[in-house]
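As a plain string of letters, each chain reads:
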Amino acid sequence: MIKLLLKFNGALVKELTVEKDETTVGRKPDNDLVIDNPAVSGRHCRIVKEGKGYFVEDLKSTNGTFLRDHRLEREPFHHKDILAIAKHTVEFFNNEEVLVPAPGKTATPVSSDATVIMAAPPPVPKGAERLGCLRSLSGPSAPPTPLNQMTTYIGKSDQAQVKLKGLFAPDLAACIAKKSDGYHLTALKEKTVKLNGDILMDQSQVPLKEGDLIDVVNLKLLFFLQEPGPK
């Protein structure tokens, strides 16, 4: 059985059984998987079956479709892959997918009637925190920026870790502070910072939630939390 699980902040919103060779995802109600969020394009992406495999293809969406922390155009879609679409995630389950054989061994297909036992991920150490990151939704795909400093600045100056371009871009437009209760965004330049479409007042500080969209001048950023890596 092939399934898509739509989640918001880790909570299951919708489950869709994939029964067609093409499944569309987007904001418009005639999509197979509808995501009611203004940051999602009307026709955002599609999942297509080709032969025995599946592919995911972005449909020139405004804010992009992300797989394994990079913006995709068209890529193979495998069992347990997770798409990031605006504030939502879409998990792909395909228990019919053929396992990749070890050298010298024959691949064994997984029966659709079989019970598949997946290895559990290693437990997160007690007290470990998820690291805040910024993913650019503007321009070409780039690795996310980790917010691993007490304060991360956004601007044109050398002090800024997230760079703005343009002759009239401010030296320091905004900053994100890491505090005991999470991450907080502060606008340092009047009328240059938006959070989920709302303009922030100068020097106003607001807490960030996973999936928030930050606009600073001509740069669009997605805030998300990343699981701590193994030590």
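Refer to the preceding data block for the structure.
Because the structure is a prediction, the values reported are computed rather than measured.

### Side note on the overall build of the protein
Looking only at helices and strands, one finds zero helices and 22 strands in the protein. Each of the 231 residues in the protein was classed as buried or not, and the buried ones make up 38%. Within the protein, contacts between residues separated by at least 24 positions form 36% of all contacts whose residues are at least 6 apart in sequence. Only carbon and sulfur atoms are counted for the fraction: they give 55% of the accessible area of the protein, which is about 13600 Å².

### Examining the pairing of strand β14 (residues 151–155)
Here β14 pairs with strand β16 (residues 174–179) via four bridges, running antiparallel. Looking at the pairing, Thr152 lines up with Ile176 of β16. Bridge count between β14 and strand β15 (residues 162–163): two bridges; the pairing is parallel. Residue Ile154 lies in a different strand from β15, and its bridge partner there is Val162.

### Details of the sheet that holds strand β10 (residues 82–85)
Read from one edge to the other, the open sheet built from six strands follows the order β2-β1-β11-β10-β7-β8, with strand pairing classed as antiparallel. Across the chains shown, the open sheet's two edge strands, defined by having one partner strand only, are β2 (11–17) and β8 (70–71). Of the pairings in the sheet, the one linking strand β1 (residues 2–8) to β2 comprises six bridges and is antiparallel in character. Residue Leu4 lies in a different strand from β2, and its bridge partner there is Leu16.

### Description of the nonpolar core
If you look at soluble globular proteins, the nonpolar side chains tend to sit buried side by side. In terms of nonpolar packing, the biggest core is built from 27 residues, with Leu4, Leu33, Ile35, Phe77, Leu83, Ile85 and Val90 touching the most fellow members. If you list the elements that add at least two residues to this core, you get β1, β5 (45–50), β6 (53–58), β7 (66–67), β10 and β11 (88–94). Sequence-distant contacts of Leu33, that is, excluding residues within four places in its chain, are made with Leu4, Leu6, Lys14, Leu16, Thr24, Val25, Gly26 and Val90. Counting 21 residues, the second largest nonpolar core, distinct from the first, contains Ala169, Ala187, Leu219 and Phe223.

### Quick look at the sheet that holds β5
Strand order in the open sheet formed by five strands is β4-β3-β5-β6-β9, and the pairing between neighbours is mixed. At either end of the open sheet lies a strand with only one pairing partner, and these are β4 (33–34) and β9 (74–77). Bridge analysis of β6 against β9 gives four bridges, and the strand direction is antiparallel. Across the sheet, the residue bridging to Phe55 is Pro76, located in β9.

### Observations regarding the packing of aromatic side chains
Any aromatic ring pair is given by two values, namely how distant the centres are and how the planes are angled relative to each other. One pass over the structure, following the stated rule, counts three aromatic pairs. Here the aromatic rings of Phe77 and Phe92 are separated by 4.4 Å at their centres, their planes lie at 15 degrees, and the arrangement is stacked. Remark: Phe92 occurs in strand β11 and Phe77 occurs in strand β9; sequence separation between them is 15 residues. Phe92 carries the same exposure label as Phe77, and that label is buried. Among the aromatic residues, ring-to-ring pairing joins Tyr54, Phe77 and Phe92 into one connected group. Sitting over the face of the ring of Phe55, Arg74 holds its NZ or CZ atom 4.5 Å from the ring centroid.

### Focus: the environment of Asp58
Within the secondary structure, Asp58 is located in strand β6. On the basis of relative accessibility, which here comes to 13%, the residue Asp58 falls in the buried class. Each C-alpha atom, one on Asp58 and one on Glu75, is 9.2 Å from the other, the two residues being 17 residues apart in sequence. Those residues in contact with Asp58 that sit more than four places away from it in its chain are His44, Cys45, Gly64, Thr65, Leu72 and Glu73.

Reading the values: the criteria
- Residues numbered from 1 in each chain as written.
- Predicted model: local features only at pLDDT ≥ 70, side-chain atom pairs only at ≥ 80, totals over all residues.
- Heavy atoms only, no water.
- Helix = DSSP H or I, 4+ residues; strand = E, 2+ residues; numbered from the N terminus.
- Buried < 20%, exposed > 50% of the residue type's maximum accessible area, 1.4 Å probe, protein only.
- Contact = heavy atoms within 4.5 Å.
- Areas by Shrake-Rupley, 256 points an atom, 1.4 Å probe, with all protein chains shown as cover.
- Pairing = 2+ DSSP bridges.
- Core = buried A, V, L, I, M, F, W, Y, C linked by side-chain atoms within 4.5 Å.
- Phe/Tyr/Trp six-rings, centres within 6.5 Å; stacked < 30°, edge-to-face > 60°.
- Lys NZ or Arg CZ within 6 Å of the ring centre and 35° of its normal.

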